[in-house]
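# Examination of the molecular architecture
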Amino acid sequence: MERPAPGGRERFSWDGWKNLLLPQLNRQSLYVYGSEVAVERECIRQRERGVFVIHPFSPLRSYYTMCMVAITFLNLIGIPIEIAFLDGQTGVGWEGFNVFSDTLFLIDVGLNFRMGIIAEDSEAAILDLKCIRQNYLKSWFIPDVIAAFPVGYIILIADLQYHSDSPSSKASKMVRILMFVRILSLVRLLRVSRLVRFFNEVEKVSNANLEVVRVFFRILSLFMMIFLLCHWNGCVQYFVPMLEEFPSDCWVRRENLMNATVGEKYSFGIFRALSHMTAISYGSSETPTNEVELWIVMTSIVSGALMYTVLVANTVALLTDADIPARIYKSKINHLEDYMVFMKLPKALRLRISNYFQARYQGKWYEEKDVLNWVSSSLREEIVMTMCSGLVRKVPMFKNCDVNFISSIVSELQYEVFQEGDIIMCQNTPGDRMFFIEHGQVVVETDSFQQELCDGDYFGETCLLIRGRRLSTVQAQTICQLFSLCVDSFYRVLRDYPEVMTDIYREHLSRE
């Protein structure tokens, strides 16, 4: 046991930090390992190794990945602006950010040798250092090292050397340094591959609904890539004429942007890029004046076409994967409308049928029996008890019945929907079932009285006991969602509970 250090402060312990390396309990880890016990066993397995390895589902991995997503995205925005528009006048803050980013990406290369791997064909993450090292060296090591090239350090050293030189040599050296830095900084744009990988990692370790997260990150990554494509294209529009030292016939001189602000240059560059990518050339009728500008325009048009293709393909894929019940419902409605037209049904009847489907399924098609058959018997019983036990318990003859009997009764209920004005049952007709009102309002009419019933009420219970004719007419005042209990189903359940039958008849006679 650790003792407090002098001065009343507890000695620093690594135990709290080590816990950040262990897998956390969330939806994704439970999905992979199956249970809380399995996740705990994974924590024990990592502790027993006794080496510094960051687990794929650890909190540290989650925070680090989200941080790297933000830093990488800022780099992919800032680097093209720095190369194209800033002319070496970046300032201390920008140079500090570049040095910090380069340092972070160099550290990331080292940490990847300690990052656990999510195995596709195994339930356990790969935590062996040798396997991690071999996998990283064979996959992303070389691209990561190139993208992490410390350009920020080179700029900082060149800037210090520049200020220490004599004034006579500064001008020519500054031109060489700026050209070298601009070309070398293009290497850092390879970090776009990291952005895609980091997005995939965030999606894998997210502690939220898996399907929602998957769709959200697909949409977010798609729009971020489109934004980067437009942003880079706008920067290229200005960068290429700058490399040619702004020829007299280039668009920069035509727009008189030589001494404009960075914001104005960037705005015109983005405008030209979007005009080419969307192939509308809005507000500009000039044709390319030289071969280089011609290739820039063609590249922009092709990239815009690819952008449209990717956007449409991803949109179709998302719409296809998302909300399957709604698509099935729409297909059923189309078939129903074709049938009603073919059978030449009256317009009023067709409208009532369409309204019934909308009220019954509410825009999504579910087969209740199939859904209940997908789950275990215990879950099926819990579902129906949650939905209907409260309605059944409100009936006096069921109020004090055994819970197993109630469960059996509930499993026999049938869901029904009636529209406004529908006759649910008619007076003097054979009584074959009783009803429980989940939502809606009905009116009960006899020769001598009229009564309104609403949510939670019931009617037609007499037919369960005497098998007689209906004593009243019940009409729906609004759209009604009901559960019905058939007489045959009721007596089938009673045969298994003879003691309950006696109590029910005794309760009914006492009320009479």
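Everything numeric in this text was worked out from a predicted model, so none of it was measured. (Residues numbered from 1 in each chain as written. Predicted model: local features only at pLDDT ≥ 70, side-chain atom pairs only at ≥ 80, totals over all residues. Heavy atoms only, no water.)

### Some words on the confidence of the model for the chain
- Put simply, the chain has an average pLDDT of 79, and 81% of its residues get 70 or more.
- Per-residue pLDDT, averaged within each element of the chain, yields its smallest value for helix 9 (residues 167–185) (55) and its largest for strand 7 (residues 473–476) (92).
- Low pLDDT (under 50) marks residues 1–14, which in the prediction has eight contacts with non-local residues, meaning those over four places away or in another chain. (pLDDT = per-residue confidence, 0-100. Helix = DSSP H or I, 4+ residues; strand = E, 2+ residues; numbered from the N terminus. Contact = heavy atoms within 4.5 Å.)

### Comments concerning the pairing of strand 4 (residues 442–445)
- Judged from the four bridges that link them, strand 4 and strand 5 (residues 450–453) form a sheet pairing that is antiparallel. Note that in strand 5 the partner of Val442 across the bridge is Leu453.
- Where strand 4 hands over to strand 5, the hairpin turn is made up of four residues, counted between the paired strands.
- With four bridges connecting them, strand 4 and strand 7 associate as antiparallel partners. Looking across to strand 7, one finds that Val444 is bridged to Val474. (Pairing = 2+ DSSP bridges.)

### Observations concerning the sheet that holds strand 4
- In spatial order, the strands read 2-7-4-5; together these four strands make up an open sheet with antiparallel pairing. A single partner strand is all that each edge strand has here, and the edge strands are strand 2 (423–425) and strand 5. Ignoring strand direction, the axes of neighbouring strands in this sheet form an average angle of 25°. (Axes fitted to C-alpha atoms, helices over the stretch in contact; angles between N-to-C directions.)

### Some points on the packing of aromatic side chains
- On inspection of all chains with the given rule, the structure shows 16 aromatic pairs.
- An aromatic cluster of at least three residues, connected via ring pairs, comprises Phe398, Phe405, Phe490, Tyr491 and Tyr497.
- Its end group placed over the ring of Tyr361, Arg360 keeps NZ or CZ at 4.7 Å from the ring centre. (Phe/Tyr/Trp six-rings, centres within 6.5 Å; stacked < 30°, edge-to-face > 60°. Lys NZ or Arg CZ within 6 Å of the ring centre and 35° of its normal.)

### Regarding the environment of Phe490
- Note that Phe490 resides in helix 21 (residues 487–494).
- On the accessibility criterion, Phe490 (0% relative accessible area) is buried.
- If sequence neighbours within four positions are ignored, Phe490 has contacts with Phe398, Phe405, Ile409, Leu464, Leu465, Leu485 and Ile504. (Buried < 20%, exposed > 50% of the residue type's maximum accessible area, 1.4 Å probe, protein only.)

### Digging into the sheet that holds strand 8 (residues 480–486)
- Reading across from one edge, 1-8-3-6 is the order of the four strands in this open sheet, with antiparallel pairing throughout. In this open sheet, the two strands that pair with only one neighbour each are strand 1 (414–418) and strand 6 (458–459).
- With five bridges connecting them, strand 1 and strand 8 associate as antiparallel partners. The residue of strand 8 that forms the bridge with Tyr415 is Phe483.
- Those strands touched by helix 18 (residues 377–393) are strand 3 (433–439) and strand 8, and its axis lies near 115° from that of strand 3.
- Where helix 21 meets the sheet, it contacts strand 3 and strand 8, and its direction lies at approximately 50° from that of strand 8.

### Notes on the side chain of Asn233
- Relative to the elements of secondary structure, Asn233 occurs in helix 11 (residues 210–243).
- With relative accessibility at 10%, the residue Asn233 sits in the buried group.
- With sequence-adjacent residues up to four places away left out, Asn233 is seen in contact with Ala273, Met277, Ser300 and Ser303.

### Description of helix 18
- At Met387, helix 18 is deflected by roughly 45°, the largest bend along its length.
- Within helix 18, the full set of buried residues consists of Val384, Met385, Cys388, Ser389, Leu391 and Val392.
- The elements touched by buried residues of helix 18 are helix 17 (368–374), helix 19 (403–411), strand 3 and strand 8. (Bend = angle between axes of the 7 residues up to and from the residue.)

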